[in-house]
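As a plain string of letters, each chain reads:
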Amino acid sequence: MHPATSVLDRSKVRRSRSHVVVATLAVALAAAARPAPAANWETPAAGPSTSGGPEVLFTFDDGPATKTTAQILDTLAAHDISAIFFMVAWRFDKGGEGAIAKHRAMLRRVLDEGHVVANHTMTHAQLCKGKPEVAEHEIVHARVVLEREAGLPVPWFRAPYGAYCNRLVQQVEDAGIRHVYWDIDPQEWKNNNAKATEKYVIGKLKKLTGRAVILMHDTKSATAKALPKILDWMATENAARAKAGKPTIKVVGATQWARELVGEDVIAEAHALADDALEALAAGLASALP
Ligand SMILES: [Zn+2]
């Protein structure tokens, strides 16, 4: 190597080394200023309590199923509770026309009864494994299918198994959707044990102080059986708490939570659009009458 070039290279190396030192310091300072990087999705999953007392948000994953989803909807209606249903979108694309029609009817019922439809991928894939483009398709295509079926935006998303990795965090951000994790997980998808589910959830609710998202599965008979018991317990417990002047356990309706996140202005705009569509429909019907 020519000596002149060598000197030049050495000075370049020195300069670039000092850049590295400065950059490393900057990164270290930024890390000190910020909290340590998260190892999991943020909790509490739906933010802090707005009432100051204990609050719960009910979420149901993996459906819609035919029998158990219907039972859960009956129970929620009896207690006047709206929930979030994280659906796997293959149910609207595969399994034969008969099954698809049933799943569609159930999604319609979920919406008609005031619940929120959310995205739980196409095939319940583990999104932190395998190729990034496969994971992206699972998220983005499920959203397309669910929005087609619901006729509404579906910006809420939950990773199957609660999978967490930097790649997925970035994909969720790129897709412009919101991940919803959970705080109370009775694992009834695994044991399908109604009694154990009831006991676990009630045990957590007794001690609850802030806001918690409860994760259950509308595909499981244990869930359909445990839910009425949990809600009956809550009603009795709340009556006792009210009598004693203690804060009751409040249910955060899924639509209330969606409103908190989306903002009232966007909701008002959506209403205006719906009103316009209804007006156009009414005008069309009127013109068709003799
Ligand atoms: Zn799931």
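What you see is a predicted model, and the numbers here were worked out from it, not measured in a lab. (Residues numbered from 1 in each chain as written. Predicted model: local features only at pLDDT ≥ 70, side-chain atom pairs only at ≥ 80, totals over all residues.)

What about unusual backbone geometry?
For the bond from Thr43 to Pro44, the omega torsion is -5°, close enough to zero to count as cis. Along the chain, Pro44 turns up in the loop between α1 (3-33) and β1 (55-61). The omega torsion across Gly63 and Pro64 is 0°, close enough to zero to call that bond cis. Among the structural elements, Pro64 can be located in the loop between β1 and α2 (67-78). In this structure, Asp62 takes a positive phi of about 85° despite not being glycine. (Helix = DSSP H or I, 4+ residues; strand = E, 2+ residues; numbered from the N terminus.)

Description of the packing of helix α7 (residues 194-207) against helix α8 (residues 221-243)
The geometry of α7 relative to α8 is characterised by a closest axis approach of 8 Å and an angle of 35° between their N-to-C directions. The interaxial crossing formed by α7 with α8 has right-handed handedness. Here Ala194, Thr197, Glu198, Val201, Ile202 and Leu205 of α7 lie close against α8, whose contacting residues are Ala222, Thr223, Lys225, Ala226, Lys229, Ile230, Trp233 and Met234. Along the lines of polarity and charge, the residues of the contact of α7 with α8 split into 9 nonpolar, 2 polar and 3 charged. (Axes fitted to C-alpha atoms, helices over the stretch in contact; angles between N-to-C directions. Left-handed = near helix turned anticlockwise from the far one by under 90°. Contact = placed C-beta atoms within 7 Å. Nonpolar A, V, L, I, M, F, W, Y, C, P; charged D, E, K, R; others polar.)

Considering the nonpolar core
Formed by 55 residues in total, the largest nonpolar core has its most connected members in Ile84, Phe85, Val117, Ala118, Val213 and Ile214. If sequence neighbours within four positions are ignored, Ile214 has contacts with Val56, Phe58, Thr59, Trp182, Ile184 and Val201. (Core = buried A, V, L, I, M, F, W, Y, C linked by C-beta atoms within 7 Å. Buried ≥ 20, exposed ≤ 12 C-beta atoms within 10 Å, placed from the backbone.)

Considering the packing of α2 against α8
Taken N-terminus to C-terminus, the directions of α2 and α8 make an angle of 10°; their axes are 9 Å apart at the nearest point. In terms of orientation, α2 and α8 fall into the roughly parallel class. Here Thr68, Gln71, Ile72 and Thr75 of α2 come into contact with α8, specifically with Ser221, Thr223, Ala224, Leu227, Pro228 and Leu231. Across the contact of α2 with α8, the residue classes break down as 5 nonpolar, 5 polar and no charged. (Parallel < 35°, antiparallel > 145°, perpendicular 65-115°, else oblique.)

On their own, these measurements won't tell you what the molecule is for.
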